Amino acid sequence: MTVEAPPPYEDVNEAAIEEWKQDTTTRERIRAVIQRIQEPTAASTIAEQARASQPVVRDTLADLANLGVVETLETPQGTLYKRDDRMAIYNQIIQLQEAYDKDELVAELQNLKGMVNGFRDQYGVESPTELAQELEPDDTAGWEDHTVWQTAQKNLYLAKAAISFSDARKALA
């Protein structure tokens, strides 16, 4: 009796990329990549990450820039691209408004304010940045609180914006 060797190990990342390519259009992949890019990036890098040709990526990025989804930066080496943070914030606000009614947003805002104020009182600092300056490298609980505080602070700003945006829409209606 002979035992056969297992099949060669397949690269899980490559398998996931192939599935992604099969399940999405080129434009969808480009949008997915650009939505994660916060630093100005060359179209060639975006093309590589989106598994798309550079001409298609450049055309799509030009369209997305015209729509305000992408920011461009002209450099001597060529055009660089990144997501437009204003549009990313706007999309998050719209998602919050679609997921929660105003009363739920106000309740979450109160909860987040309580959490942020609790961290301020607990650590005697005004912001997660100040906390980071105070923490020792091995203070695991402190660094976990720092991360939670940063997230709560971001969500607090978004909840405030969603409520304000909702009020502004009603005022214009």
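Residues numbered from 1 in each chain as written. Predicted model: local features only at pLDDT ≥ 70, side-chain atom pairs only at ≥ 80, totals over all residues. Heavy atoms only, no water.

## Some remarks on the overall build of the protein
Part 1: Helices and strands together make up the secondary structure of the protein, namely eight helices and three strands.
Part 2: For the protein, the α and β elements follow one another from N to C terminus as α-α-β-α-α-β-β-α-α-α-α.
Part 3: Whereas a compact globule of 173 residues would reach a radius of gyration of roughly 16 Å, the protein reaches 22 Å, over 25% beyond that.
Part 4: Projected onto the principal axes, the alpha-carbon positions of the protein cover approximately 65 × 60 × 40 Å.
Part 5: Taken over 173 residues, the protein has a buried fraction of 27%.
Part 6: Considering only residue pairs separated by 6 or more positions, the protein has 54% of its internal contacts joining residues 24 or more positions apart.
Part 7: Just so you have it, the protein exposes about 11800 Å², and 51% of that area is on carbon and sulfur atoms. (Helix = DSSP H or I, 4+ residues; strand = E, 2+ residues; numbered from the N terminus. Rg over C-alpha atoms; globule rule 2.2 N^0.38 Å. Buried < 20%, exposed > 50% of the residue type's maximum accessible area, 1.4 Å probe, protein only. Contact = heavy atoms within 4.5 Å. Areas by Shrake-Rupley, 256 points an atom, 1.4 Å probe, with all protein chains shown as cover.)

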